[in-house]
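# Geometric and topological summary
Each chain, letter by letter, is given below.
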Amino acid sequence: MKEIAFREALREAMSEEMRRDESVFLMGEEVAEYNGAYKVSQGMLAEFGEKRIIDTPITELGFTAIAVGAAQNGLRPIVEFMTWNFATLAIDQILNTASKMLAMSGGQVGCPIVFRGPNGSAGQLGAQHSTAFESLYANMPGLKVISVSNPYDAKGLLKSAIRDNDPVIFMESEVMYGDKGEVPEEEYLIPIGQARIAREGTDVTIVSFNKMMKVAMAAAEELEKEQISAEVIDLRTIRPMDWKTILDSVMKTNRLVVVEEQWPFASISSEIAYRIQKEGFDYLDAPIRRITSADAPMHYAPNLVSQYLPDVPRTVNLVKEVMYLKK
């Protein structure tokens, strides 16, 4: 095992797959000459050249359309968005072409493409740069949605995404690119659609993903100080979702809390709550509860940022509520 940063894990995944398969290439704003806006693609231009590491103009709809067309003609593009907030400009190509073409062509034309970049908030960046998009893309049949929380998962799942024959939405976090974690020296893949039990417990199940895993894990540590044993599940893949792992945990703990950086209406937690109450109602000893971002745009002021995002104290209190304990 070796310890590397999140951005290095992504770079290794892309580089290994590009060495393995000449049809794989990377394109996006500043990915080549500048080594990537977040230095994820650092050094890749020197190794693979300008035909496979391609700088684009600030035209998300345009370069996404080029990549989707390339995928439909036998190549395997990786499209880097500087932030998923900017990918809204390209949603016509993602929704109306990439996600639908296999069905519209009767299975004759696929679209093996990866769209990746940082998602959600990254501090005081204002409302237009702070939206979490997992629930939006998970609502589109034909797309697979991955949202990772650590370097190990980032590398293993990105390699699987690049090899996948369907369009994959791959979501990272700007504030985690410098986070370090252990990654095997040898090659490995992580199956798409398989959640991870990050911490075992017996009293309550906490489900989360992406950078909110830090809140979930920290809350579990605080709860342990009060003899409350929390099992924490990292979804890793939003669609297809690993329902069995969640349900098996709830059957053991009888309580469920979801922590996510989505707006509350029609969110990932909404879908989880519906599915688990449908299939596991008899195992629940309390209503399913969740903590999400505020139902509003995220503003710049630091006091509003702290109120907007889920945090450890509120997560701890929510767990105590489902256990019918006083705050």
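Look a little higher up for the structure.
An account of the accompanying structure is given in this report. What you see is a predicted model; the values in this text were computed from it and never measured. (Residues numbered from 1 in each chain as written. Predicted model: local features only at pLDDT ≥ 70, side-chain atom pairs only at ≥ 80, totals over all residues. Heavy atoms only, no water.)

## A few points about the packing of helix α9 (residues 243-253) against helix α10 (residues 268-280)
- Where α9 contacts α10, the axes come no closer than 10 Å and their chain directions differ by 60 degrees. With respect to α10, the axis of α9 lies oblique. Note on packing geometry: the crossing formed by α9 with α10 is right-handed. Contacts from W243, I246, L247 and V250 in α9 reach E271, I272, R275, I276, E279 and G280 in α10.
- When grouped by side-chain class, the residues that make up the contact of α9 with α10 number six nonpolar, one polar and three charged. (Axes fitted to C-alpha atoms, helices over the stretch in contact; angles between N-to-C directions. Helix = DSSP H or I, 4+ residues; strand = E, 2+ residues; numbered from the N terminus. Parallel < 35°, antiparallel > 145°, perpendicular 65-115°, else oblique. Left-handed = near helix turned anticlockwise from the far one by under 90°. Contact = heavy atoms within 4.5 Å. Nonpolar A, V, L, I, M, F, W, Y, C, P; charged D, E, K, R; others polar.)

## Some points on the sheet that holds strand β13 (residues 256-259)
- Across the sheet, five strands lie side by side as β9-β11-β10-β13-β14; this open sheet has mixed pairing. Of all strands in the sheet, those bounded by a partner on one side alone are β9 (196-199) and β14 (289-291). On average, each strand axis in the sheet is inclined to that of its neighbour by 25 degrees, with strand direction left out of account.
- Bridge count for strand β10 (residues 204-208) against β13 is three bridges, and the pairing is parallel. When the bridges of β13 are listed, T205 appears paired with L256.
- Relative to β14, helix α12 (residues 312-322) is tilted by about 175 degrees, and along the sheet it contacts β10, β13 and β14. (Pairing = 2+ DSSP bridges.)

## Notes on the pairing of strand β8 (residues 180-183)
- The side-chain alternation of β8 yields one buried face, formed by G181 and V183, and one unburied face, formed by K180 and E182.
- Relative to β8, strand β1 (residues 2-5) is paired through four bridges, and the arrangement is antiparallel. By the bridge assignment for β8, K2 is matched with V183. (Buried < 20%, exposed > 50% of the residue type's maximum accessible area, 1.4 Å probe, protein only.)

## Description of a negative patch on the surface
- A cluster of acidic residues, E30, E33, E50 and D55, forms a negative patch at the surface.
- Among the structural elements, D55 can be located in strand β3 (residues 53-55).
- With relative accessibility at 33%, the residue D55 sits in the partly exposed group. (Patch = residues over 30% accessible without salt bridge, like charges linked within 9 Å, V, L, I, M, F, W, Y side chains within 5 Å. Areas by Shrake-Rupley, 256 points an atom, 1.4 Å probe, with all protein chains shown as cover. Salt bridge = Lys/Arg side-chain N within 4 Å of Asp/Glu carboxyl O. Lys, Arg positive; Asp, Glu negative; His and termini not counted. Charge placed at Lys NZ, Arg CZ, Asp CG, Glu CD.)

## Some points on the pairing of strand β11 (residues 230-234)
- Within β11, five of the five residues are buried, leaving the element largely enclosed by the surrounding structure.
- Direction of pairing for β9 relative to β11: antiparallel, over a ladder of three bridges. Within β11, the position partnered with R196 by the bridge is D234.
- Once the chain exits β10 it traverses helix α8 (residues 212-224) before rejoining the sheet at β11, and the crossover so formed is right-handed. (Right-handed = clockwise from strand over helix to strand, strands pointing away.)

## So, the environment of D234
- When you line up the elements, D234 lands in strand β11.
- Since its relative accessible area comes to 0%, D234 is described here as buried.
- With sequence-adjacent residues up to four places away left out, D234 is seen in contact with S149, N150, D153, A195, R196, S208, F209, N210 and M213.
- A polar side-chain atom of D234 sits 3.2 Å from the main-chain amide nitrogen of R236. (Polar contact = N/O pair within 3.5 Å; in protein donor to acceptor, adjacent residues only side chain to side chain.)

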